[in-house]
Amino acid sequence: MVDVAQSIARDPVGTTPSATVTITGAAGQIGYATVFRAAAGALLGSETPVRLRLLEIPEAVRAAEGVAMELLDGALPLLDSVDVFDDPTAAFDGAEVGLLIGARPRSKGMERADLLSANASIFSVQGRAINEAAAPSFQAVVVGNPANTNALIAASHAPDVPAERFTALTRLDHHRAEAQLAIACGVSVNDIDGVAIWGNHSTSQYVDLTRATVQGRPAEEVLLEHGHDQRWIDEFFIPKVAKRGAEIIEVRGGSSVASAAHATLRHIRTWLRGTPEGSWTSMAVPSTGIHGVPEGVVCSFPVTCSQGRYTIVEPWAIDDFSRARIDRSVAELLAEREAVEALGLLGPRA
């Protein structure tokens with residue numbers, strides 16, 4: 001732990017216990033956009049104080065110290081304490097929630113196996129640290145890409161933590177789908193319900209509108225009224241959502257930051273607080289073998305949440321159009337799993 005005088009005294013009349021949240025890559029752009037909102041109540045609610053534990057690589061610790069100083073300067077009433085670490089075991093000590101944001105990005109000329117290997121060295125260490133030090137109730141979302149496989153790696157190195165506690169972020173894709181559907185139909189995102197993201201957080205993902213609604217009506221019916229047929233869904237809408245990240249990089253010169261931070265916070269908040277009755281969200285979670293997805297693969301599904309648990313939605317009629325696209329994305333996930341297995345990067349759970 002790096003001492004930057006970060007202790008904060010809580011109001012003695014406060015009675016809600018503080019929650020310990022570990023955020024990795026806290027000095028990076030997404031981490032920076034996440035920590036302040038987490039400390040302000042966007043993660044766990046306005047009544048739950050938080051102890052933030054910021055984990056960074058040694059080279060970025062100084063920058064993380066600056067983030068901690070800014071958090072202090074914000075005088076945030078819900079911020080119980082903030083500490084900076086470069087040791088994963090210390091950072092995850094007693095952690096109840098983990099936002100695993102930091103990852104090795106793919107650089108120019110880097111082969112896919114090299115990217116998987118570089119990230120395995122990060123997430124295997126974090127998995128072991130979580131296994132050793134995290135609270136029994138620990139729950140995590142992996143944001144750093146390739147998020148699904150990084151979650152698989154972390155879980156494989158934490159055999160004493162239930163695998164279902166390791167999830168990956170596809171809530172951003174879910175949000176993108178809702179927004180694009182609202183634009184196409186000329187309505188508010190509040191009028192959209194029932195979209196689902198299947199598969200990998202990559203361009204192979206399948207954006208499913210078969211059970212989506214617009215103002216309570218079938219989305220495909222409303223889209224048709226606006227001149228958008230099945231071909232438009234297949235050739236424009238689905239690629240638009242799947243490639244939105246690349247489009248943002250091209251336009252702003254950098255990857256998604258604030259929207260990714262927002263989705264990360266909503267992922268955990270929904271997981272812990274629940275989905276509205278009759279609705280679902282999208283999360284990448286370890287498959288139980290359901291919906292034709294091999295057991296153990298960290299795959300995005302439509303899920304409902306209640307009391308800190310998620311349940312994959314079933315029954316769900318999967319037509320031939322959907323089946324082909326789900327299978328294509330799952331095949332990509334299986335190839336990633338086989339690659340890390342061949343490199344000997346999975347832990348004892350695997």
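For the structure, check the block above.
Figured I'd write up the structure that's included with this text. This one's a predicted model, so the numbers in the text were calculated from it and none came from an experiment.

On to the pairing of strand E2 (residues 50-55), then. In terms of burial, E2 is a largely internal element, five of the six residues being buried. Examined bridge by bridge, strand E1 (residues 19-24) and E2 share six bridges and lie parallel to one another. From the neighbouring strand, alanine 19 faces E2, where its bridge partner is valine 50. Running through helix H1 (residues 29-39), the crossover from E1 to the neighbouring parallel element E2 is right-handed. Sheet topology places E2 next to strand E3 (residues 79-85); six bridges connect them, and they run parallel. Within the sheet, the bridge partner assigned to valine 50 lies in E3 and is leucine 79.

Of note, valine 313 is situated in the loop between strand E14 (309-312) and helix H11 (320-342). Taking the C-alpha atoms as reference points, valine 313 and threonine 281, 32 residues apart in sequence, are found 9.6 Å from one another.

There is about 1,600 Å³ of room inside the largest pocket. Lining the largest pocket are 50 residues, and of these Ala103, Pro105, Val143, Gly144 and Asn145 lie nearest its centre. When residues of the lining of the largest pocket are traced back to their parent elements, those giving at least two are H1, helix H4 (112-133), helix H6 (171-185), helix H9 (244-252) and H11. Take the lining of the largest pocket: its biggest share by element is seven residues, from H4. Considered class by class, the residues forming the lining of the largest pocket number 22 nonpolar, 18 polar and 10 charged. The computed volume of the second largest pocket comes to approximately 610 Å³.

About the thresholds
Residues numbered from 1 in each chain as written. Predicted model: local features only at pLDDT ≥ 70, side-chain atom pairs only at ≥ 80, totals over all residues. Heavy atoms only, no water. Buried < 20%, exposed > 50% of the residue type's maximum accessible area, 1.4 Å probe, protein only. Helix = DSSP H or I, 4+ residues; strand = E, 2+ residues; numbered from the N terminus. Pairing = 2+ DSSP bridges. Right-handed = clockwise from strand over helix to strand, strands pointing away. 1 Å grid on protein atoms, 1.4 Å probe; cavity = no way out; pocket = protein on both sides within 12 Å on 5 of 7 lines; lining within 4 Å. Points joined across faces, edges and corners; volume = space filled by probe spheres on them. Nonpolar A, V, L, I, M, F, W, Y, C, P; charged D, E, K, R; others polar.

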